[in-house]
Structure formats: structure tokens, C-alpha cells
Amino acid sequence: MSGGPVALITGASSGMGRGLAMRLAADGYRVGLAARRAQPLEELAADIRSAGGEALVLQCDVSVREDVYAAVERCRRELGDVDLLVANAGQSEMTLVDELDSGMIEQLMGVNFFGVVYAVEAVLPGMLSRGRGQIVGVSSLAGYGGLPRTAGYSAAKAAVTKFLESLRVDLRGRGVDVTVISPGYVRTPMTDRNLHSMPFLVELDDAVARIHRAIVKRARAYHFPWPLASFVWVGQIFPRRMYDWIVSRINRDKAR
Ligand SMILES: NC(=O)c1ccc[n+]([C@@H]2O[C@H](COP(=O)([O-])OP(=O)(O)OC[C@H]3O[C@@H](n4cnc5c(N)ncnc54)[C@H](OP(=O)(O)O)[C@@H]3O)[C@@H](O)[C@H]2O)c1
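Attention in this report is confined to the structure presented alongside it.

Quick notes on the rules
- Residues numbered from 1 in each chain as written.
- Predicted model: local features only at pLDDT ≥ 70, side-chain atom pairs only at ≥ 80, totals over all residues.
- Heavy atoms only, no water.
- Helix = DSSP H or I, 4+ residues; strand = E, 2+ residues; numbered from the N terminus.
- Pairing = 2+ DSSP bridges.
- Axes fitted to C-alpha atoms, helices over the stretch in contact; angles between N-to-C directions.
- Contact = heavy atoms within 4.5 Å.
- Patch = residues over 30% accessible without salt bridge, like charges linked within 9 Å, V, L, I, M, F, W, Y side chains within 5 Å.
- Areas by Shrake-Rupley, 256 points an atom, 1.4 Å probe, with all protein chains shown as cover.
- Salt bridge = Lys/Arg side-chain N within 4 Å of Asp/Glu carboxyl O.
- Buried < 20%, exposed > 50% of the residue type's maximum accessible area, 1.4 Å probe, protein only.
- Phe/Tyr/Trp six-rings, centres within 6.5 Å; stacked < 30°, edge-to-face > 60°.
- Lys NZ or Arg CZ within 6 Å of the ring centre and 35° of its normal.

**A short note on unusual backbone geometry**
Thought 1: A cis geometry characterises the amide bond from Phe224 onward to Pro225, with omega recorded as -10 degrees.
Thought 2: Relative to the helices and strands, Pro225 is located in the loop between strand 7 (221-224) and helix 8 (226-235).
Thought 3: Here the phi dihedral of Arg149 falls at roughly 60 degrees; this positive angle occurs in a residue that is not glycine.
Thought 4: Tracing the backbone through its elements, the reader meets Arg149 in the loop between strand 5 (133-138) and helix 5 (151-170).

Structure (C-alpha cells):
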């Protein structure tokens, strides 16, 4: 083992996780790349290596605690202790009131919430014993206000945001920084499937650059884009009738 600090990025096989892994590798991090699909991870690792970086593929399902622990342990053995965790893996599925499916909601909580909890649980003791580290969670503006047909996803992202915010307070003065990222709509494979309108959609490269800046600055929280973030915040003090009416209009199916 030699060289720079180590970053572990979950959900590195596509979208924002892939872009962040490339940027962090360019910054000099040796990167552990975690996700379920091996092939896109191998391709990313090859791209990083051909650019002079160091990358390790860690195939794992973040909703399975043993998988996450095994990935963190392998990362520690082959690259070194994790200095930066980017808990980014996520899954989005619609929640339909006429077909409410608690199994799907459990799965969304498993990936989006417990996936973050397991990764933090696995890296935090080492960070605390060394007295340094950074934990970044990719949550969502959907975690602030309920949006149409996203009950399971919004609930899981709200849980992530509150979990990390509480940890951030408890970790003050312990050398471990916590950064909570809350994007609005970003053009990625996740949103390519959406049929509804996506106000203030941010392009992938732009989103990655913004999140990367927030990570480097060790920001406590970063919400973007600001027009949607402002609406989401101000929306929390709107009368509920007004909130429901506005939100149901901005998130209508394009097909209708
Ligand atoms: N795009 C948006 O508009 C938007 C907005 C707000 C927040 N976010 C959040 O941003 C994060 C990145 O999403 P993205 O938009 O970049 O979507 P994406 O391109 O679909 O990427 C999702 C990543 O998560 C991984 N993943 C999913 N389930 C997993 C599991 N069980 N175990 C391990 N990895 C898993 C996927 O890899 P595998 O399939 O290979 O496992 C993939 O690498 C997510 O947390 C998402 O909720 C996205």
C-alpha cells in the first residue's frame, strides 16, 4: 500500500457516483468502487487506471450488511483505511396508492437508508480511532417534502438526511466531518425513466462538479439547484392545502 488517501464510493457504477469517483481519483484519492454490477465498475476502474489513478472494484449490495462490511474490509486491506466515504448508492421506485407495497418500501429503505447506515457503521470506528475522516451522504431534496408517488423514496431520503444531520452534531470536535448532499433532479439513468416533468433539471457533469466542490470544501450540507431547494424549504411553511396543490402540478406526468 502506498500513495494518497482512500475514498470509498458506493453506487460508483453509474450516474453521479461514477462521476465523483473519476474526480476523486483525479484529486489523488485511491478509490474503492462499490455497486452490484461488476462490469461497469471494471470499466470505470480501467478508465481511472489509464489516467494514472488507483482503483479497486468492490462488488456488493449495500442493503446487505455483511456485503458492506466485506467491501470495507477488502478496501482497507488492499488500499488502506477509508478516509472519505461517499455513501451515494440509491434506488428510486414509484409508490402507488392503489398498489401500496410494503415490500418495495422495505427495499427502498434497505438500499437508500440502511445502505448508508451500514457503510457508516463499518467505517466510523476507524475514523474515530484515527481522529480524522469525512462521511458524505447523497440524500435528496425529496427528503424535505413529500412529492407525488415517491412516498417510499421520500421517506428513505428523509431518514438519511436526519440520520446524518444527527451524526454531524455528535461528531463535532472528533475530527470526522459529515456532508449531506441534497440534489434536486439530475439527468442520470435513474431519472431517464421518469415520465413526469422534472423542474430545474441539472445535467450530470454540472451536478458532479457541484457535489465535488462541496466535498472538497467539507461543507456540512449542500442543496441544489437553488430555485428548487428554495421552493422545497419555503414550501414547508406553506399552508398544507397550498403545498399539495402546487406539488401535484409541478410533478404531473408529461404523458397527460
Ligand atoms: N438523479 C437524481 O435526480 C437524483 C436526485 C436526488 C438524489 N439522487 C440520489 O443520488 C444517488 C445517485 O443516483 P444517480 O442519479 O446517479 O442514479 P444511478 O445512475 O441510477 O446510480 C445509482 C447507483 O446506485 C447503485 N445501487 C443501486 N442499488 C444498489 C444496491 N442495492 N447496492 C449497491 N449499489 C446499488 C447502482 O449500481 P448497481 O445497479 O450496479 O448496483 C448505481 O451505481 C442516489 O442515492 C439517488 O437517490 C438522485
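Now that the structure has been shown, the text picks up again.
**A closer look at the sheet that holds strand 6 (residues 176-183)**
Thought 1: Strand order in the open sheet made by the 7 strands is 3-2-1-4-5-6-7, with parallel pairing throughout. On the outer flanks of this sheet lie strand 3 (55-59) and strand 7, each paired with one strand and no other. If you compare each strand with its neighbour and ignore which way they point, the axes differ by 15 degrees on average.
Thought 2: Pairing of strand 4 (residues 84-87) with strand 5, which is carried by 4 bridges, proceeds in the parallel orientation. Bridging across to strand 5, Leu84 finds its partner in Gln134.
Thought 3: Across the sheet, helix 2 (residues 38-50) lies against strand 2 (30-35) and strand 3, angled at about 175 degrees from strand 3, the strand it touches most.

**Remarks on a nonpolar patch on the surface**
Thought 1: A cluster of nonpolar side chains, namely Trp233, Val234 and Ile237, defines an oily patch on the protein surface of about 330 Å² accessible area.
Thought 2: Among the secondary structure elements, Ile237 is positioned in the loop between helix 8 and helix 9 (240-250).
Thought 3: On the basis of relative accessibility, which here comes to 71%, the residue Ile237 falls in the exposed class.

**A word on the packing of aromatic side chains**
Thought 1: Going through the model one piece at a time under the given rule, you end up with 5 aromatic pairs.
Thought 2: Ring geometry for Phe231 and Phe238: centres 6.1 Å apart, planes at 65 degrees, overall edge-to-face.
Thought 3: Residue Phe238 is classed as partly exposed on the basis of its relative accessible area of 22%.
Thought 4: Aromatic ring contacts, followed pair by pair, group Phe113, Phe114, Tyr118 and Phe163 into a single cluster.
Thought 5: Sitting over the ring of Tyr243, Arg240 keeps its end group 4.7 Å from the ring centre.

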